[in-house]
Amino acid sequence: MNRKFHIKQGDKVAIISGNHKGTEGVVLAVDREKERATVEGVNMVTKHIKPTAEKPEGGVKKMEAPIHVSNIMLIDPETGKSTRVGRKLDENGKLKRYSKNTGKFID
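Everything numeric here is computed off the predicted structure, so don't read it as measured data. (Residues numbered from 1 in each chain as written. Predicted model: local features only at pLDDT ≥ 70, side-chain atom pairs only at ≥ 80, totals over all residues. Heavy atoms only, no water.)

(A) Representation of the sheet that holds strand S1 (residues 12–15). Taking strand neighbours across the sheet as the criterion, the 5 strands line up as S6-S3-S2-S1-S7 in an open arrangement whose pairing is antiparallel. Pairing within the sheet leaves two strands with one partner each, and these edge strands are strand S6 (67–68) and strand S7 (72–74). (Pairing = 2+ DSSP bridges. Helix = DSSP H or I, 4+ residues; strand = E, 2+ residues; numbered from the N terminus.)

Below, the structure is given as structure tokens:
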């Protein structure tokens, strides 16, 4: 199920629910199939790296795990506050995202 999301890679977002509620970060990746997004500095997990020929010492690495897109809200670049997102046609007839708080285009 590939549907359009209110966020995309590079957006600044706020976490609105879960253990990291209230934190902000930048979207690193979006997985449309699983409806999840990876946000910088949010939902950190510990991953154990097995020793290989290239890296014989192995080790433990902290990295971000994806969270569901329903727990993320876009931050309006103009106001700096979280906002709901809609889509409407611009003057060129192209569908763009806009902030429901200010009514201005985001892209």
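Once you've had a look at it, read on.
(B) Representation of the environment of Lys 12. Inspection of the secondary structure assignment puts Lys 12 in strand S1. Lys 12 gets classed as partly exposed once you look at its relative accessible area, which sits at 45%. Lys 12 sits 16 residues away from Leu 28 along the chain, and the two C-alpha atoms are 9.8 Å apart. If we ignore the near neighbours within four places in the chain, the residues touching Lys 12 are Glu 24, Gly 25, Val 26, Leu 74 and Ile 75. (Buried < 20%, exposed > 50% of the residue type's maximum accessible area, 1.4 Å probe, protein only. Contact = heavy atoms within 4.5 Å.)

(C) The UniProt feature "domain: KOW" (unreviewed entry) in the protein chain, seen in detail. UniProt tags residues 6–33 as "domain: KOW" (unreviewed entry). Structurally, residues 6–33 comprises 0% helix and 43% strand, and the distance from its first C-alpha atom to its last is 15 Å. (UniProt positions renumbered as here; feature names shortened; annotations may be inferred.)

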